[in-house]
Amino acid sequence: MSRFQSAASYLGEEWEFLPFRFERLNGSVLLTNMVGEHVFVEPENFELLTRGELSLDSPTLRRLRGKHIVRLVGEELPVELLALKTRTRYWRLSEFTALHMFVVSLRCEHSCPYCQVSRQSADKALYDMTEETAVRALEMTFRSPSPHIKIEFQGGEPLLNFPLIEFIVDRANELNQVEQRRLTFVIASNLALLDDKIIAFCRVHNVQLSTSLDGPADLHNRNRPRPGGDSWERAVDGIRRVREELGTDSISALMTTTAASLERPEEIIDTYLEQGLREVFLRPLSPYGFAVKTKIHAAYDVDRWLSFYKRGLEYILVLNDRGIDIRERYASIVLKKMLTNGDPRYVDLASPAGIGIAALAYNYNGDVYASDEGRMLAEMNDTTFLLGNVHADTYEEILLSDALLTPLEESFTGSVPMCSDCAFESWCGADPVFHHATQQDSVGHKAWSAFHRRNSGMFKLLLGRYESDARARQLFRAWASR
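The rules behind the values
- Residues numbered from 1 in each chain as written.
- Predicted model: local features only at pLDDT ≥ 70, side-chain atom pairs only at ≥ 80, totals over all residues.
- Heavy atoms only, no water.
- Helix = DSSP H or I, 4+ residues; strand = E, 2+ residues; numbered from the N terminus.
- Rg over C-alpha atoms; globule rule 2.2 N^0.38 Å.
- Contact = heavy atoms within 4.5 Å.
- Areas by Shrake-Rupley, 256 points an atom, 1.4 Å probe, with all protein chains shown as cover.
- Lys, Arg positive; Asp, Glu negative; His and termini not counted.
- Charge placed at Lys NZ, Arg CZ, Asp CG, Glu CD.
- Buried < 20%, exposed > 50% of the residue type's maximum accessible area, 1.4 Å probe, protein only.
- Axes fitted to C-alpha atoms, helices over the stretch in contact; angles between N-to-C directions.
- Parallel < 35°, antiparallel > 145°, perpendicular 65-115°, else oblique.
- Polar contact = N/O pair within 3.5 Å; in protein donor to acceptor, adjacent residues only side chain to side chain.
- Pairing = 2+ DSSP bridges.
- Arc of directions from axis to C-beta.
- Left-handed = near helix turned anticlockwise from the far one by under 90°.
- Nonpolar A, V, L, I, M, F, W, Y, C, P; charged D, E, K, R; others polar.

A. Layout of the overall build of the protein chain. Assigned secondary structure in the protein chain consists of 20 helices and 16 strands. The C-alpha atoms of the protein chain give 24 Å as radius of gyration, which agrees with the globular expectation for 482 residues (23 Å, within 12%). Once the C-alpha set of the protein chain is aligned to its principal axes, its extents read approximately 75 × 50 × 40 Å. Contacts in the protein chain between residues far apart in sequence, at least 24 positions, make up 70% of those at least 6 positions apart. Of the roughly 21100 Å² of accessible surface on the protein chain, a fraction of 50% belongs to carbon and sulfur atoms. Across the protein chain, the mean location of the 55 positive side-chain charges is 3 Å away from that of the 67 negative side-chain charges.

Below, the structure is given as structure tokens:
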């Protein structure tokens, strides 16, 4: 006896189903189609839908047709539109790797307890990238077919090896005379070593900066200690200088949520506004590097972080109601996926996963990793995501290695248990490095996954506000369109 009914059982006389997923949420039923377009229906109409009893003149059926969840029997246009939107959703795959992270030094003068990269403070000859390694990494960078190449300088503290940054920028610009890519540069720095020479170089070469700002002075200095106890003072002075001398869009800041941050979201957001920053990224801790060694990554669970995040988001909505323009970056990324067919190109919310496809990390010694997090795992003696070395392996050997292709194939959300039938699948992503770090498996059991619980909580929070609050809906649409 067949375990399934015949195909005819799923066909109405006048309409039929297209692929969709559903989730019962806030007293309604959320339906999403295969490209993430969504609609809420009342439970009673959902029951009629599942029995094939919605009439053609039903308003609910018209909405479902508009979202390509059902179609009239024999109607081809909805299928063609879904195919077009699916191709658009995956267009990034043809361009391949745009972000290339150069770890120019592991040395750092800060001693942050949540540091993900196991920073070093010893002999620079051991932990600084050489010009020879940089040249080989640049050759590999320009093998990428992407029309846009972003080179991001990472550490440790990259400004401790600033001469190499100058060398790489000059060499990349020289190569680009032939390559003709859209070439951009970013230095991820704590800004403590920022000086006139660095500012002048960034101005000439249009180099942008990214920094860390964890909140008010006492919180930031506690989270990010350095000799002299003036981490916050140096960071905000650096932010001010960059904004004044290079332009307000030349610097961005990120924060990391520690246990000490959980009751202070409003203060953290106010600190960003005080520094003229109109975007804040309320990030959780990550399970890598010193964050694991010091056990600080386990200082709070997903529910406590979601409570922190909800308070922060609500405060941002209040500020916008008062006419103060500020947005939460992670919400903006999710909303772009939720409300548009655009791709924010955010590595952690990509399927196939963003490792290798969206980003590569070149360590100071020439080792190439599928992501920066893969590099962080290696500092913990786990080389699962080590793809090769620029001195020993070719571009083809690195990008076709099993260390990349296997986790990409295994973690594709369209076929992963609990992801393939999840209503949020199109908005979420695969993070094989996170799941390997936390569950020793690149797929991971989603019922135990902090990544799954955090993202599903985020989606439900944003959907709830979007559907129930007209002012939030207008603001969310504006964030999604940026």
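On we go.
B. Local environment of the side chain of Gln275. Residue placement: Gln275 occurs in the loop between helix H11 (265-274) and strand S11 (279-280). Exposure remark for Gln275: the relative accessible area of 16% places this residue in the buried category. Every residue in contact with Gln275, bar those within four places of it in the chain, is listed here: Leu213, Trp232, Val236, Ile239 and Arg243.

C. Spatial organisation of the packing of helix H14 (residues 329-339) against helix H20 (residues 470-481). One can describe the packing of H14 onto H20 by two numbers: an axis separation of 8 Å at closest approach and a directional angle of 90°. Classified by the angle between their axes, H14 and H20 sit roughly perpendicular to one another. Together, Ala331, Ser332, Leu335, Lys336 and Leu339 of H14 and Phe476, Arg477, Trp479, Ala480 and Ser481 of H20 make up the contact between the two elements.

D. Examining the side chain of Ser332 more closely. Tracing the sequence through the fold places Ser332 in helix H14. Of note is the side chain of Ser332, whose polar atom sits 3.0 Å from the backbone oxygen of Glu328. Setting aside its immediate chain neighbours within four residues, Ser332 contacts Arg327, Trp479 and Ala480.

E. Quick look at the sheet that holds strand S14 (residues 359-362). Read across the open sheet, the nine strands follow the order S12-S10-S9-S8-S7-S6-S14-S15-S16; overall the sheet is mixed. Where the open sheet ends on each side, the last strands, each with one partner, are strand S12 (282-283) and strand S16 (386-389). Both strand S7 (residues 148-154) and strand S8 (residues 182-188) contribute to a ladder of six bridges, which runs parallel. Residue pairing in the sheet places Glu152 in a bridge with Val186 of S8. Seen against the sheet, helix H10 (residues 231-246) touches strand S9 (207-212) and strand S10 (251-256) and runs at an angle of roughly 155° to S9.

F. Looking closely at helix H8 (residues 196-205). The complete set of buried residues in H8 reads Ile198, Ile199, Phe201 and Cys202. Buried residues of H8 fall within an arc of 165° about the axis and therefore sit on the same side. In H8, those exposed residues whose orientation departs by more than 90 degrees from the buried face are Asp196 and Val204. With a side-chain oxygen positioned 3.2 Å from the backbone nitrogen of Lys197, the residue opening H8 is Asp195. Just past H8, the residue Asn206 takes up positive phi, approximately 55°.

G. Broad picture of the packing of helix H6 (residues 131-141) against helix H7 (residues 162-179). One can describe the packing of H6 onto H7 by two numbers: an axis separation of 10 Å at closest approach and a directional angle of 35°. Seen from above, H6 lies across H7 with right-handed handedness. Within the contact between the two elements, H6 uses Glu131, Ala134, Val135 and Leu138 and H7 uses Leu164, Phe167, Ile168, Arg171, Ala172 and Leu175. Residue composition of the contact of H6 with H7, grouped by class: eight nonpolar, no polar and two charged.

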